[in-house]
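What follows is the residue order along each chain.
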Amino acid sequence: MVLPYQKIASRTGIVLVLLLLIVPPVSAAVDKATITRSTAPDHTDRPEAILLQKTHIAYVACDQDTRMNGIIRYIEIISNGSGAYRLRQIRDDYLVTASSIPLMQTSAEIGKARDSLGASAQEFSDETQAQMLFFNGSATRMQACIRSMANASAVRNAGNPDAGLWLKNESSRLVIFNRESTERKRTIAELGKQGANTTEIRNISLLIDAQRPNIQGALMNKSSAALQSTNIVIKDLNREFRSIVTGTRAALAIAMKRDAIMAMG
């Protein structure tokens, strides 16, 4: 049986092609009768049309998330953990956008988010291809990793169809926020063990964590505007956090090479 949200790809204008040369693009059959045409100027903002758009985007985004996780896992394997940091960042940005869509109520707003998802998917594709070339990856083995991740997800969600569409829930934005918070703590701990001064990074992470009540308030009040405003603040702080982490890792790498050379002398 073909579900409604699997029949409206062209209607919603979704174009999310991940890894054009490596991973088959997401596609869906088109049924022009799915959303009845109307001469009314606001037909695209009718609740039933908005719901279909949201459900379809959640379906595509959950599928892309599974693919991204499989790709990230493979890049981690071939790079010994060093090549997937940027991929995780792009996936996180993708999921922030996807998880914010459930609060949106206009086709124009959803369309803007859809474009952002497409841009993130393309960026993820470009970064993956760069890492595959750098670490001499195998497309066949990466595909196997993606399938393994998809199979694990299917087993985990067996008997609960809605679990595979978790991004359609308004609470998914908070799920993503909490997951990112945990990941930041892991990164800070990792850098601390390597001898880095993590005070500045930790302070920025705390500023991001302080935005949790704003997200909770936006979700409680069903305010897309408030959520987008908070997302902008978090995005700026995340950019600063990532920049410092990248600089700190580079400094650690230089220090390790210097120590190795001195040890040889």
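The paragraphs below set out a description of the structure included in this document.

### Re the overall build of the chain
Helix and strand counts for the chain come out as 9 helices and 0 strands. Starting at the N terminus and ending at the C terminus, the chain contains elements arranged as α-α-α-α-α-α-α-α-α. Classification of the 265 residues of the chain by burial places 42% in the buried group. Long-range pairs, those at least 24 residues apart, make up 79% of the contacts in the chain between residues at least 6 apart in sequence. As displayed, the chain has an accessible area near 14400 Å², and 56% of this comes from carbon and sulfur atoms.

### Considering helix 3 (residues 85–100)
Look at helix 3: 23 Å from first C-alpha to last across 16 residues, which is about the 22 Å you get at 1.5 Å a residue. Of all 16 residues in helix 3, 14 are buried; the element is thus mostly enclosed.

### Side note on the nonpolar core
One finds Ile75, Tyr94, Ile101, Phe124 and Leu167 to be the most contacted residues of the largest nonpolar core, which totals 31 residues. The greatest single-element share of this core, amounting to 10 residues, is contributed by helix 2 (residues 47–79).

### Quick notes on empty space enclosed by the protein
One pass over the full model with this rule turns up 1 cavity of 30 Å³ or more. The space that makes up the largest cavity amounts to roughly 40 Å³. What lines the largest cavity is simply Lys54, Ile57, Ala58, Ala61, Ala98, Ile101, Pro102, Leu167 and Lys168. Counting residues per element, the lining of the largest cavity draws most heavily on helix 2, which supplies 4 residues.

### A short note on the packing of aromatic side chains
In total, this model carries 1 aromatic pair according to the counting rule given. Note on Phe134 and Phe135: the rings are 4.9 Å apart at their centroids and 80° apart in plane angle, and the pair reads as edge-to-face. Its end group placed over the ring of Tyr85, Arg249 keeps NZ or CZ at 4.4 Å from the ring centre.

Thresholds applied
- Residues numbered from 1 in each chain as written.
- Predicted model: local features only at pLDDT ≥ 70, side-chain atom pairs only at ≥ 80, totals over all residues.
- Heavy atoms only, no water.
- Helix = DSSP H or I, 4+ residues; strand = E, 2+ residues; numbered from the N terminus.
- Buried < 20%, exposed > 50% of the residue type's maximum accessible area, 1.4 Å probe, protein only.
- Contact = heavy atoms within 4.5 Å.
- Areas by Shrake-Rupley, 256 points an atom, 1.4 Å probe, with all protein chains shown as cover.
- Expected span 1.5 Å × (residues − 1).
- Core = buried A, V, L, I, M, F, W, Y, C linked by side-chain atoms within 4.5 Å.
- 1 Å grid on protein atoms, 1.4 Å probe; cavity = no way out; pocket = protein on both sides within 12 Å on 5 of 7 lines; lining within 4 Å.
- Points joined across faces, edges and corners; volume = space filled by probe spheres on them.
- Phe/Tyr/Trp six-rings, centres within 6.5 Å; stacked < 30°, edge-to-face > 60°.
- Lys NZ or Arg CZ within 6 Å of the ring centre and 35° of its normal.

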